[in-house]
Amino acid sequence: MPSRPPKTPPASSSRALDKSDFERLSDFRHRLRQFLRASELTCRTHGLTALQYQLLLHVAGFPGRSWATIGELAERLQAQHHGVVALVDRCAALGWLTRRPGREDGRVVEIHLLPKGERLLARVASLHRDELHTLLGEFSAAVPDRRAP
């Protein structure tokens, strides 16, 4: 089964791209790749893959609650359902998370972090936070206010 199509991109402006647009896009992709590479190395240093880190992060960071379903995690990871099931299986075997029956619907399976997963996520996420703030500051400063006259 093919992966989900990407969400519809925002409507493009009628203005043609100029050199500065290409430079900003290039810089954005470069810095984003630097962040992702640093994240991969940080994860590896702490004994997990970048995808395992993202799974733990999405469980802990799911809006409004401290658990998520496989379908919700598949959407967050932009992955196929069966691939997320396998990833959850591997992380559960490592003692990082667990499955629980749905509280309101027994057909739903809730994915929850276990204390070992919470501790690992807290260590790795704290290392990402400073770099993320730096990156966001750079992007904010680099994007001109298009609403200004």
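See above for the structure.
Below is a summary of the structure that appears in this document. (Residues numbered from 1 in each chain as written. Predicted model: local features only at pLDDT ≥ 70, side-chain atom pairs only at ≥ 80, totals over all residues. Heavy atoms only, no water.)

Turning to the packing of helix α3 (residues 70–77) against helix α4 (residues 81–93), a few remarks are in order. One can describe the packing of α3 onto α4 by two numbers: an axis separation of 9 Å at closest approach and a directional angle of 105°. With respect to α4, the element α3 is oriented roughly perpendicular. Counting all contacts with α3, which are made through Ile70, Gly71, Leu73, Ala74 and Leu77, the residues of α4 involved are His81, Val84, Val85, Leu87 and Val88. Tallied by class, the residues present in the contact of α3 with α4 amount to 8 nonpolar, 2 polar and no charged. (Axes fitted to C-alpha atoms, helices over the stretch in contact; angles between N-to-C directions. Helix = DSSP H or I, 4+ residues; strand = E, 2+ residues; numbered from the N terminus. Parallel < 35°, antiparallel > 145°, perpendicular 65-115°, else oblique. Contact = heavy atoms within 4.5 Å. Nonpolar A, V, L, I, M, F, W, Y, C, P; charged D, E, K, R; others polar.)

Residue position: glutamine 52 is located in helix α2 (residues 50–60). Judged by relative accessible area, which is 9%, glutamine 52 ranks as buried. A polar contact is formed between the side chain of glutamine 52 and the backbone nitrogen of threonine 49, at a distance of 2.8 Å. Those residues in contact with glutamine 52 that sit more than four places away from it in its chain are Leu87, Cys91, Leu94 and Trp96. (Buried < 20%, exposed > 50% of the residue type's maximum accessible area, 1.4 Å probe, protein only. Polar contact = N/O pair within 3.5 Å; in protein donor to acceptor, adjacent residues only side chain to side chain.)

Quick look at the pattern of salt bridges now. Tallying each qualifying case throughout the model produces 11 salt bridges. For glutamate 131, the salt bridge is made with arginine 31, and the minimal N-O distance between the two is 3.2 Å. Note that glutamate 131 is positioned in helix α5 (residues 115–142) and arginine 31 in helix α1 (residues 19–45), a separation of 100 residues in sequence. Classification of arginine 31 as buried rests on a relative accessible area of 11%. For aspartate 89, the salt bridge goes to arginine 99, with nearest N and O atoms at 2.5 Å. On the criterion of sequence distance, the pair formed by aspartate 89 in helix α4 and arginine 99 in strand β2 (residues 97–101) is long-range, its members being 10 residues apart. Judged by relative accessible area, arginine 99 falls into the partly exposed class, the value being 35%. (Salt bridge = Lys/Arg side-chain N within 4 Å of Asp/Glu carboxyl O.)

This paragraph deals with the nonpolar core. The biggest cluster of nonpolar side chains holds 23 residues, and the ones touching the most others in it are Leu48, Leu55, Leu56 and Leu97. Setting aside its immediate chain neighbours within four residues, leucine 55 contacts Leu73, Leu77, Leu87, Val88, Cys91 and Leu97. (Core = buried A, V, L, I, M, F, W, Y, C linked by side-chain atoms within 4.5 Å.)

Turning our eyes to something else, we now look at α3. All of the buried residues in α3 are Ile70, Leu73, Ala74 and Leu77. Taken down its axis, α3 places every buried residue within 105° of arc, on the same side. In the core, the buried residues of α3 are packed alongside α2, β1 (67–69), α4 and β3 (109–113). One or two steps after α3, the chain reaches glutamine 78, where phi turns positive at roughly 55°. (Arc of directions from axis to C-beta.)

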